[in-house]
Every structure is written in C-alpha cells, then in structure tokens.
Amino acid sequence: MVAKIKRIVQDNLRNIERIKMIKWSLYGLIAIIMYLTMLTNVIPESLDVSLYSRADHDIASPITIENKTATEDERSKAAQVEAKYVYRDQVAQSQLDKLNDLFSGIEKVKKSDADNDSSIQEDLKDLKDLLSVSMADEMKDETLVPLLQAEMSQVTLIKELTLSEVMEVMTDRVSIDNLEKSKNDVEDRLSLTSIPNDQKKAMITVAQQSIIPNYFLDPEQTEQSRQEAIEAVQPVMIREGQIIVEEGAMINREVMEQLRLAGLLDDGFDAIPYVGLALLVLLLTGYLYYFFQDVRSRVRTSNTNLFIIVLIYFSTLLVLKLTSLLQGIELPGIAYIVPAAVGTMLIKMLFNEQLAIASGLLFAVCAGVFFNGEITGPMNASLAFYVLMSSLSGVFFLGKRNHRANILKAGLLVSLINIVSVAILLMLKNGQYSGVELTYHMVFAFLSGFLSSMLTLGLMPFFEAGFRIISTTRLIELSNPNHPLLRKILVETPGTYHHSVMVANLSEAACESIGANGLLARVGAYYHDIGKTKRPHFFIENQMNMENPHDKISPHLSKTIIISHATDGAEMLRKHRLPKEIVDIAEQHHGTTLLKYFYYKANEQAGQSISEVDFRYPGPRAQTKEAAVVGIADCIEAAVRSMNKPNPTAIESLVRKIITERLEDGQFDECDLSLRELDLVATTILETLNGIFHSRIEYPTEIKKKVTL
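Residues numbered from 1 in each chain as written. Predicted model: local features only at pLDDT ≥ 70, side-chain atom pairs only at ≥ 80, totals over all residues. Heavy atoms only, no water.

**Student:** With reference to specific residues and values, describe the overall build of the protein chain.
**Tutor:** When helices and strands are tallied, the protein chain shows 29 helices and 6 strands. Put simply, the protein chain has 709 residues, and 45% of those count as buried. Intrachain contacts of the protein chain at a sequence separation of at least 6 include 78% that bridge at least 24 residues. When the accessible area of the protein chain is evaluated, it comes to approximately 38000 Å², of which 56% is carbon and sulfur surface. (Helix = DSSP H or I, 4+ residues; strand = E, 2+ residues; numbered from the N terminus. Buried < 20%, exposed > 50% of the residue type's maximum accessible area, 1.4 Å probe, protein only. Contact = heavy atoms within 4.5 Å. Areas by Shrake-Rupley, 256 points an atom, 1.4 Å probe, with all protein chains shown as cover.)

This is how it looks when you write it as structure tokens:
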C-alpha cells in the first residue's frame, strides 16, 4: 500500500513537471514567433556602393552618430586662436625713472667738474659710479661721453626730448613684434632736432635703449582662450534621417566615411541589433508571463488556453507582418489598412478584457518594429500609436455581452476610431496633403476596422470548435432555450427546469458582484441538473400528484440515485461535447456535501451511527468561483422553496446558515473564494430572493358585494 501511494505521488510530481515544461515551452514559442517575425526589420541595411560612383537613390542615416574625424578638424581650426597679451604700465615708469637717474647723474658730474676741472675719463668714471650696475653696463662710453661734454643747457634739452619721446612711445603697447618700429620712429623724430650731431646721436641711442617691450604674451590666458574655443565646438553629428547623399550625387571619400560611420558599408556580422531584438522579445515575454500569472484567467491554469493565446499571437503578428510588406506599394497611407484589432477582439471574446488590453500593448510595440520600413529609426511610433488605438477600441466596443452580431458593429466603431487616429497623426505632423492623399488615408483606416471584424468572425468558429473553449458568444448560444438539452430538461423535468432558471438568476447576480463570470454561472446553472432527466420522478420538484418513490426504497438506494445525478449529468454533457467549464459546474456543484436527509434516515433505520462517507457526494469540490456560487445558489433555492412562509428575516438566517455550513465543511477549500466575497454572494442572493419572495396582500376567499338597485 505504501509503495502504491509513493508511486502515485511520483507520477503526480512527474505530471506537474511535465505541465510546467509545456508552459515554459509555450512562452518560449511566443518569444520565437516575435523574434522571427521582427528579425527582418532589424537587420542592418548594407549598401553596394563604390568610391566616385553616383548614388541611385537618396541615402539617409539610420542612426545618430558623431563624425569624430570632422569634429577633430573643427576643433583644430578653433584652436588657432590669437595670442593673448598683457600690458604692463609699470615698465614705462621704470624706464622713465632710469632716464631721470641718468640725466641727474650727468648734471651732478657736470657741476662737480666745473668746480674741480677733472678730465672726461674721471667724469665718466664718476657717472658710472652714480648709475646702477645694470644701467652702467648698458650704456657705452661713446654714448655717455658726448652727453658729458655737452653744455648744461643742452643736457637739459636732451633730457626733456628723451623723456618726452620715451614717455610717448612707452604709454602705448610695445610688443616684441613692433619694438624695432617704435625705436625707428623715435630716431626719426629726434633726428629733426637742432642739437649737435654727437649729442643727437647719443640722445637717440639713450632713447632707443630705454624703449623696451611692455606688451607681453600671456601663455595662461592664451591657453584658456584656446580651450574655450575648442570646447565651444559642437560635435559634428550625422543625424538619424539625415540625407547623407542625394540621388545622382557623387560619392566621394567624405561621403564614404559618413556611410561607414552610419553602418551602411559594414560587410561583417554585427551582433548588436540581434541582441537588442532578443532583449526586446525577452522583455515582452516576461511582461506577458508576469501579467498572465497575476490576472485571473484560464490562461494561468490551463496550457491549452495558453496555446490558444500563442495561436492568436501568431495569427495577429503574421497579419501585421504581411500588411507591413504593402509599404512597398506607392499608395499614400497604405499601412493604415492593417487589421490591428483582430487579435484583441479574439482575445476579448475568448478570454477577458484584461488579457486583450495587455495583448494590445504588445501588438503595438511589434507593429512599431514591423512598419519601420519608411523611417530611419528602429520603431515607427506613429504606426505603433495607430495600432494601439485600434486594438483598444476593438476591446472596448465589443462590450460586456459581445454577441456575434456585435462584432460587425464593433468593427464599424473601430473604423471610426482609426479615422480619428489618422487625423490626429496627420495634424500633429502639420504636413501639406492633397485631397487625394487624405482620401487614401481615410479609406485605408476605415477598411482596417472592417477587415478586423471579418477576420474575427472567420477565426472565432475555428477556436471555438477546435478547442471547445467557452467564449461569450458560445455561452449565449448555449443559453438558447431551443438547445436540445435544455428542451429535454423542460419537457421531461419541468420542475427541474424552473429550479435551474431560478438558480441561474441567483448565480449570475452573485458572480457579477464578486467579479466572476456571471454569464458562465447562468449557463452552467441551466445545465447543472441535466442528470435528473435519467430518473426525473425521484426528485421532489418533478413529483406532481404522485407518490414519492423514495418512501418504498432503502435510504442507501435513494442516496445512490440522488448522488448519481451529478455524475450522470457530467457524463451527458461530455457526450454532447459541451465546454469543460459547463461540465465542471454540473459535476462540482454539490462538491462532497452530505446528503443529510437520507443519512439521518439510514441512521434511524439502522439504530446506530453510519459513516458519513457513504452518504457524501463523490465530488470533486468546487474548483472555480462559478462552480462554488452555483452550488450555493442551488442549495439556497431548494431550501427557500421548501419554506412555508418565507420572510426576509427567515431567508437571511437560512442563507447565512447554508453558506457557513459549506464553509465549515471545507467545500470552498479548493477555489479562491475569500470571506469578503462570500459575504457579497450572500448579500446579493438575499437581495434577489427578497425581490422574488416579497410580501403580498392576502385576499379573502370570498368577497361579498351588496348591490343597491
């Protein structure tokens, strides 16, 4: 026995691992489909051009990149700034002070010579002693001797002329470059004076030696200006969409370099675009995985439903891809014919609105890549916006009860939204369009919605019949009273039919209050007691003016007959190929509850306690909210109908008691009903029951009227 249990556990673990592997494989399949369909749109374009040939069409850059060579050339040109100089006014004053010292010394020596009558050599020696060492070294004897030999009046004149010329020159900017010119100008002006030649020559020499540069090169300022000029140079960019070479223009070396930088001449393999696409696909697939795991849908719990999503994605992406190939046709706005809403409309009808909206975002991103043929970037934002608006409008306009006939209506409304979206894009571009171009744009946008509805109508039967999935449209068809099984219930078990309709009303209202599928609960309630048609007279609601057959048989046999209606009904529904969700409701609506009436009757007859297990339904317990709510409504409707005089207080007490007993019995352990949701279910059912069993006026059996003639 232990070995058998261990083997069963191991088999279950293997099945769980196999299911997980299938799920991961399906997500991998979604990623592969997206990658392969978008691959051709991201492969870098490579041009077959040669140097000094002519371009056969306009060539635009697909990326924005810096032309570093051109940038360096511009910076080199900018670095050729003018040298910066600094003017030092203290230099002029220093030179004037030296001249004053020189002539003061000459005057002092001459006064001393008048008293001592010394020789010229002695005077020269005395003068040099009075001068600074540097100035004594600068002044030659042949320059100083004529000045010492001049009369005092001449010395005074020479001093005034020299100081005047040196001051005039040194107050201006004297650089190394114009030093000689300044000295020559001084010589020219002093040469015009009427001083003896020897003294004049000495005067000119002294003046020229006193003129030195006062305007110097400033290396720091020059370097700073150079750096500022270099930094002010903007990088030379090749912009995305920039025409590198026009049609018919010569392709020179500069153009070839720009084409190389833009990646249009690369003959080798560049893995970057492929890696970028892989990252995009991984991001989108991860987004879908975490969204599907979080949202409440059949995709989370069923690999079959996930496979259906894969097929819808494949079909939609294939349609988007094929439509993108129409961009080669020279028709304005041909891309807007894409039936973008088909995928989201299918998902909305087969699953729910949340999955459809999430899928619409994914389709928009993929469409942005598919339709990048007419732009230079990796994504066409305009088409992505258009596809997103079209996809979302397809979801919203189907409504809550999306009958098959509403698909065409939704397609028409999608067309109108498409036209508005195209108008928005055209106006935002602020381009000039002719009437013919605008007509093409609007017609293609209108056809997009129409094609979306046609494709949805065409693909819906394939998914419904091929996978036996339960869409809103399918549920509405199953709720038709003319369905063979519903006709069978109505004809053979009219009491059960009335009971099922009442349970359907209660279940739908309760499910919608907690966000569950109310329509599924209603249709499931219609069929939940189909098994009673095998032995209709063994169920009290069908016993009209007849004896109860259970009074003549044992409680164990009665239990077997009553309990079998759940399994018999599930078997009948499977035989007629009804959706699994309907079958599950019929099989699970009693869960593993105890058949109390016959259990107590059997105990009474046996005179001892009998095991409850023998009088419990085989289950399974409710696996979904809808099955749990139908089970609650089924029990409550039967109990309330058996009350003699139902009133709001008694009904509420009964409803709360039934739900509490089921909760304590563990009937909700395998579904995700919360206590708050159970309270909402109880409140909603009470409101519905109070509307049905409201108080009525009691009329007397006989009313006597007196007529006065």
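**Student:** Please give an account of the pattern of salt bridges that cites residues and values.
**Tutor:** A complete count under the given rule lists 21 salt bridges for this structure. Across the pair Asp665 and Arg616 runs a salt bridge whose closest N-O atoms are separated by 3.0 Å. In this pair, Asp665 is assigned in the loop between α28 (648–664) and α29 (675–692) and Arg616 in the loop between α26 (596–606) and α27 (625–641), connecting sequence segments 49 residues apart. (Salt bridge = Lys/Arg side-chain N within 4 Å of Asp/Glu carboxyl O.)

**Student:** Account for a nonpolar patch on the surface, naming residues and giving values.
**Tutor:** Taken together, the side chains of Leu408, Leu412, Val443, Phe446, Leu447, Phe450, Leu451 and Met454 present a nonpolar region at the surface, about 630 Å² in accessible area. As for its placement among the helices and strands, Phe446 is situated in helix α19 (residues 435–467). (Patch = residues over 30% accessible without salt bridge, like charges linked within 9 Å, V, L, I, M, F, W, Y side chains within 5 Å.)

**Student:** Can you tell me about the packing of helix α8 (residues 179–190) against helix α9 (residues 197–210), naming the residues and giving the values?
**Tutor:** Interhelical geometry of α8 versus α9 gives an angle of 155 degrees and a closest axis separation of 10 Å. For the element pair α8 / α9, the angle class is roughly antiparallel. In this structure, the crossing between α8 and α9 has a hand that is right-handed. Between α8, through Lys183, Val186, Glu187 and Leu190, and α9, the contact on the second element is made entirely by Lys200, Met203, Ile204, Ala207 and Gln208. The residue inventory of the contact of α8 with α9, partitioned by class, reads 5 nonpolar, 1 polar and 3 charged. (Axes fitted to C-alpha atoms, helices over the stretch in contact; angles between N-to-C directions. Parallel < 35°, antiparallel > 145°, perpendicular 65-115°, else oblique. Left-handed = near helix turned anticlockwise from the far one by under 90°. Nonpolar A, V, L, I, M, F, W, Y, C, P; charged D, E, K, R; others polar.)

**Student:** So what's going on with the side chain of His590? Which residues, and what values?
**Tutor:** Summarising the element assignment, His590 is placed in the loop between α25 (580–588) and α26. Among the residues examined, His590 registers a relative accessible area of 13% and is labelled buried. Once residues lying within four places of it in the same chain are set aside, the contact partners of His590 are His565, Tyr617, Asp634, Arg662 and Gln667.

**Student:** Please give an account of helix α21 (residues 484–492) that cites residues and values.
**Tutor:** For α21, the set of buried residues is Leu485, Leu486 and Ile489. Projected down its long axis, α21 shows its buried positions confined to an angular sector of 100 degrees, all on one face. Set apart from the buried face of α21 by more than 90 degrees, the exposed residues are Pro484 and Val491. Tucked into the core, α21 has its buried residues touching α20 (472–478), α22 (494–513), α23 (518–527) and α24 (555–575). (Arc of directions from axis to C-beta.)

**Student:** Lay out the environment of Gln209 with the relevant residues and their values.
**Tutor:** Tracing the sequence through the fold places Gln209 in helix α9. Residues Gln209 and Gln95, spaced 114 residues apart in sequence, show a C-alpha to C-alpha distance of 9.4 Å. Those residues in contact with Gln209 that lie beyond four places of it in its chain are Gln95, Glu138 and Met139.

**Student:** Any chance you could break down the packing of aromatic side chains for me, citing the residues and the numbers?
**Tutor:** Overall, the coordinates contain 12 aromatic pairs when judged by the stated rule. Measuring from ring centre to ring centre gives 6.5 Å for Trp24 and Tyr27, while their planes differ by 55 degrees; the resulting arrangement is tilted. One end of the pair is Trp24 and the other is Tyr27, both in helix α1 (residues 2–42) and 3 residues apart, which spans about a single turn. Seen from their ring centres, Tyr599 and Phe615 are 5.9 Å apart, and the 65 degrees between their planes marks the pair as edge-to-face. A residue pair is termed long-range when its members are at least 10 positions apart, and Tyr599 in helix α26 and Phe615 in the loop between α26 and α27 qualify at 16 residues. (Phe/Tyr/Trp six-rings, centres within 6.5 Å; stacked < 30°, edge-to-face > 60°.)

**Student:** Which residues make up the environment of Ser25, and what values go with them?
**Tutor:** Looking at the element boundaries, Ser25 is found in helix α1. For Ser25, a relative accessible area of 46% gives the class partly exposed. In the structure, Ser25 is positioned 282 residues away from Phe307 in sequence and 9.9 Å away in space, judged by C-alpha atoms.

**Student:** Tell me about unusual backbone geometry, and name the residues and values.
**Tutor:** Most peptide bonds adopt trans geometry, and most residues besides glycine take a negative phi value. Geometrically, the link from Gly619 to Pro620 is a cis peptide bond, its omega value of 5 degrees lying close to zero. Take Pro620: it is sitting in the loop between α26 and α27.

**Student:** Could you give me a rundown of the side chain of Asn603, with the residues and numbers involved?
**Tutor:** When you line up the elements, Asn603 lands in helix α26. Its relative accessible area of 16% is what places Asn603 among the buried residues. Each residue touching Asn603, except ones within four places of it in the same chain, is listed here: Gln608, Ser609 and Ile610.

**Student:** Lay out the nonpolar core in plain terms, naming residues and giving numbers.
**Tutor:** Counting 59 residues, the largest nonpolar core has Met34, Met38, Tyr313 and Tyr386 as the members making the most contacts within it. Mapped onto this core, the elements with two or more residues apiece are α1, α12 (272–294), α14 (303–324), α15 (342–350), α16 (353–370), α17 (381–398), α18 (406–429) and α19. Other than its neighbours up to four places away in sequence, Met38 contacts Leu277, Leu280, Val281, Cys366, Val369 and Phe370. The next biggest cluster of nonpolar side chains, apart from the first, holds 53 residues, and it includes Ile476, Ala504, Met572 and Ile658. (Core = buried A, V, L, I, M, F, W, Y, C linked by side-chain atoms within 4.5 Å.)

**Student:** How would you summarise the environment of His537 if you had to cite specific residues and measurements?
**Tutor:** Considering the arrangement of structural elements, one finds His537 in the loop between α23 and α24. Judged by its relative accessible area of 42%, His537 falls in the partly exposed class. C-alpha of His537 to C-alpha of His550: the two residues are 13 residues apart in sequence and 9.7 Å apart in space. Not counting residues within four places of it along the chain, the set of residues in contact with His537 comprises Asn542, Gln543, Met546 and Pro549.

**Student:** So what about the confidence of the model for the protein chain? Which residues, and what values?
**Tutor:** This prediction gives the protein chain a mean pLDDT of 83; 89% of its residues lie at or above 70. pLDDT under 50 marks residues 701–709. Its contacts with residues more than four places away, or in other chains, come to 0 contacts. (pLDDT = per-residue confidence, 0-100.)

**Student:** Please set out the packing of α21 against α22 residue by residue, giving values where relevant.
**Tutor:** In the contact formed by α21 and α22, the axes pass within 5 Å of each other and the chain directions differ by 120 degrees. The angle between α21 and α22 falls in the class oblique. Where α21 abuts α22, its residues Leu486, Ile489, Leu490, Val491 and Glu492 lie against Pro494, Thr496 and Tyr497. Taken together, the residues of the contact of α21 with α22 break down into 6 nonpolar, 1 polar and 1 charged.

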